[in-house]
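# A closer look at the structure
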Amino acid sequence: MSGAAGPAMSAAGPSQGANRSPSGGSAAANAASVGAVLGASIEGRGITKRFPGRHKTFTAIEDVTFTINAGEFVSLIGPSGCGKSTLMLIAAGLTLPTEGEIIVGGRRLEAPITDVGIVFQDHLLLDFRTAIDNILLQHQVRGLPLDKGREDTLALMQKIGIAHASDRYPRQLSGGMRQRVSIARALIHQPSLLLMDEPLGALDAITRTQIRHDLELLWLETRKTVLFITHSVEEAVGLSDRVLVMSPNPGRIVEEIVIDLPRPRPAHLGEYPTFNAYAERIHDAFRRLGVIKY
Ligand code: ADP
Ligand code: MG
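Just so we're clear, the structure is a prediction, and the values are computed from it rather than from any experiment.

On to the site of ligand 1, then. Close to ligand 1 lie Phe51, Phe58, Ala60, Gly78, Ser80, Gly81, Cys82, Gly83, Lys84, Ser85, Thr86 and Asn249, which account for all nearby residues. Those elements that place two or more of their residues in the shell around ligand 1 are strand S2 (58-68) and helix H2 (84-91). Here the shell around ligand 1 takes three residues from H2, the largest share from any one element. Each residue belonging to the shell around ligand 1 can be placed in one class, and the counts come to four nonpolar, seven polar and one charged.

Counting 68 residues, the largest nonpolar core has Ala91, Ala184, Leu195, Leu227, Val243 and Ile282 as its most contacted members. The leading source of residues in this core is helix H5 (residues 175-187), at six residues. Setting aside chain neighbours within four positions, we find Leu195 in contact with Met88, Ala91, Ala92, Val116, Ile118 and Leu227.

Here we come to the sheet that holds strand S3 (residues 73-77). Strand pairing within a sheet occurs via backbone hydrogen bonds; the two strands may be parallel or antiparallel. The strand order S6-S7-S8-S3-S9-S10 describes an open sheet built from six strands, whose pairing is mixed. Two strands in the sheet have a free side with no partner beyond their single neighbour: strand S6 (116-119) and strand S10 (253-258). Sheet twist, expressed as the average angle between the axes of neighbouring strands with direction ignored, equals 15°. Bridge count for S3 against strand S9 (residues 242-246) is four bridges, and the pairing is parallel. Paired with Ile77 across the strands is Val245, a residue of S9. Along the sheet, H2 contacts S3, strand S7 (193-197), strand S8 (225-230) and S9; its crossing angle with S8, the most-contacted strand, is approximately 160°. Seen against the sheet, H5 touches S6 and S7 and runs at an angle of roughly 165° to S6.

This paragraph deals with the pairing of S8. The buried fraction of S8 is high, at six of six residues. With burial as the criterion, each face of S8 is covered, one bearing Thr225, Leu227 and Ile229 and the other bearing Val226, Phe228 and Thr230. Bridge count between S3 and S8: five bridges; the pairing is parallel. Across the sheet, the residue bridging to Phe73 is Val226, located in S8. Here S7 runs beside S8; their pairing, made up of five bridges, is parallel.

This paragraph deals with the sheet that holds strand S1 (residues 42-51). With antiparallel pairing, the four strands of this open sheet are ordered in space as S2-S1-S4-S5. Pairing within the sheet leaves two strands with one partner each, and these edge strands are S2 and strand S5 (107-108).

A few words on unusual backbone geometry. The omega torsion across Asn249 and Pro250 is -10°, close enough to zero to call that bond cis. The step from Arg263 to Pro264 runs through a cis peptide bond, and the omega angle for that step is -10°. Within the secondary structure, Pro264 sits in the loop between S10 and helix H8 (273-288). Backbone geometry places Arg223, a non-glycine residue, at a positive phi of 50°. The residue Arg223 is located in the loop between helix H6 (205-222) and S8 in this model. The class of Arg223 is partly exposed, set by 15 C-beta atoms lying within 10 Å.

Quick look at the pairing of S6 now. In S6, alternate side chains face the same way, and those of Val116 and Ile118 on one face and Gly117 and Val119 on the other are all buried. Pairing analysis gives four bridges linking S6 to S7, with the strands arranged parallel. Opposite Ile118, over in S7, you have Leu195 as the bridge partner.

Reading guide: rules and limits
Residues numbered from 1 in each chain as written. Chains lettered and ligands numbered in written order. Predicted model: local features only at pLDDT ≥ 70, side-chain atom pairs only at ≥ 80, totals over all residues. Near = placed C-beta within 6 Å. Helix = DSSP H or I, 4+ residues; strand = E, 2+ residues; numbered from the N terminus. Nonpolar A, V, L, I, M, F, W, Y, C, P; charged D, E, K, R; others polar. Core = buried A, V, L, I, M, F, W, Y, C linked by C-beta atoms within 7 Å. Buried ≥ 20, exposed ≤ 12 C-beta atoms within 10 Å, placed from the backbone. Contact = placed C-beta atoms within 7 Å. Pairing = 2+ DSSP bridges. Axes fitted to C-alpha atoms, helices over the stretch in contact; angles between N-to-C directions.

Okay, here's the thing in structure tokens:
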């Protein structure tokens, strides 16, 4: 990904926001309110999520309150099973909280939002479509013009360093390239929000560092509101404006750490003496929570 601005990543793109409002407002009215201004905020108020079980109800997350400001990059870090993915699904309106509320762009969610890009740990590409056609799926699903879409997609693929592979099928791509395609698919419709659930988790360390850097440059250019889920301290500190630390089950936000490091951040974060201090604060929180015992 170069720093050059391309049409696909221009900051003030059209919004496809169309979440339904609790008051039953029209999709067009909601489109204007969710994400018409680049980078809608995400606010969770007293969110608890319970899942009914055969014998008893399981509380996955409990009383979680947080704000991610418009254009901010926030990581959520916590041990496996603490409820990170559940919270992300709630932020996308894909599942509703049992208690509390989630507010995106000033509107309480009652249904899935569309002004959002989501990247999962698994690339989830369709194996029978080429890289470019996987990205263009967004246009087809959303009913957006395909000719312009193809042009924008190629420009974005260029920026993300995968243009040369546009006609390859997922099986012909490396893990890192597949994940770049998924990132492009999440961004091509210029959403206000980017939700990423351990997007680099399955990659080797070198690829992870490179994509982390590329992602940071892309974010610097577009300033999406990002919720980035990870269990890597290095990724959290390397990418974020703020890190929210979650406790083991039931997941609660127990600490918030503002990461005041210049951007773009280097591959080797240890270049900053303060990096180690931030990393240590996260480790300390995990020690207090009994997540790490040394
Ligand atoms: P994380 O992403 O932090 O690893 P998850 O959000 O996936 O954690 O899950 C948190 C807890 O909630 C886990 O114990 C998981 O088994 C449980 N859980 C998640 N989704 C469901 C569901 N749909 N039904 C029942 N339990 C669930
Ligand atoms: Mg998860």
